[in-house]
Amino acid sequence: MNSPDVAQSVVVHPFFDEETSTITYVVFGQGDSKCAVIDPVLNYDPRSGRTSTASADKVIDFVRTRKLSVQWLLETHAHADHLSAAPYLKQHLGGAIAIGEAIRVVQRTFRDVFNLDSTFHLDGSQFDHLFHADQAFQVGSLRMRALHVPGHTPADMAYMIEDEDGTPQAG
């Protein structure tokens, strides 16, 4: 089924963070209560070394105002440009934190680069779910697919919204 109505029923709401020039997205089907949050930003000031939840709190307000329920907190990759607010959002909104299974490769690199001790797990256990390439999953009524798109890191993922027959939706 590939109809114009399907593409129009998807809401992708961006939240731009000026400090890091990154974007967090909330994705949900129109009229659906389940949503996904993609790449939530935890604000970090490198001069002071302090973090804040200002960007994440805007997402929380949006989700609560729209009466949405967070099903997934999706990371596209391990970020060097910002810290993730996924654990903070999970604490306040729920949802499963997910990333690509190749995060294990990145974790081994991080252990060596940052001299992390033996208590740092290299198995991806910091996440609730590790997507494999081309894995389909649901966000409420939306059918989505996790795509392995290595770029910044070997663990980079993109998340595609599909029609009911598996056809990618055009934006």
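Quick caveat, the model's predicted, so the values are computed rather than measured.

A. The arrangement of the sheet that holds strand β10 (residues 135-139) in detail. Spatial strand order, β10-β11-β12: three strands in an open sheet with antiparallel pairing. Looking at which strands have only one partner, the edges of the open sheet turn out to be β10 and β12 (157-162). Looking at each pair of strands side by side, their axes are set apart by 35° on average, direction ignored. Two elements, strand β11 (residues 142-148) and β12, share six bridges in a ladder whose sense is antiparallel. Note that in β12 the partner of H148 across the bridge is M157.

B. Broad picture of the side chain of Q107. With respect to the secondary-structure elements, Q107 resides in helix α4 (residues 103-113). Those residues in contact with Q107, other than ones at most four positions away along the chain, are F120, H121, L122, D123, G124, Q126 and F127.

C. Layout of the packing of helix α2 (residues 54-65) against helix α3 (residues 86-93). Look at α2 against α3: their axes get within 10 Å of each other, and the N-to-C directions meet at 30°. α2 and α3 meet at a crossing whose hand is right-handed. Along the contact surface, α2 presents A56, D57, V59, I60, V63 and R64, while α3 presents Y88, L89, H92 and L93. Considering only residue class, the contact of α2 with α3 consists of seven nonpolar, one polar and two charged.

Definitions and limits used
One numbering rule holds for all chains: residues counted from 1, following each sequence as written. Reporting in this predicted model follows two pLDDT cut-offs: at least 70 for local features of residues, and 80 or more for side-chain atom pairs to be given and counted; totals over whole chains, interfaces and linings ignore these cut-offs and use all residues. In computing side-chain properties, one takes all heavy atoms of the structure into account and sets aside hydrogens as well as water. Note on pairing: two strands pair once DSSP finds at least 2 bridges between them. Only DSSP runs of H or I reaching four residues or more are called helices, and only runs of E reaching two or more are called strands; each is numbered from the N terminus. Angles shown run from 0 to 180 degrees and are taken between the N-to-C directions of axes, each axis being a line fitted to C-alpha atoms and, for helices, limited to the stretch in contact. Here, residues are in contact when the closest pair of their heavy atoms is within 4.5 Å. Crossings are assigned a handedness: left-handed for a near helix turned anticlockwise from the far helix by less than a right angle, right-handed for a clockwise turn. Side-chain classes are defined by residue name, with Ala, Val, Leu, Ile, Met, Phe, Trp, Tyr, Cys and Pro counting as nonpolar, Asp, Glu, Lys and Arg as charged, and the others, Gly among them, as polar.

Note that all results are geometric; they support no functional claim without further evidence.
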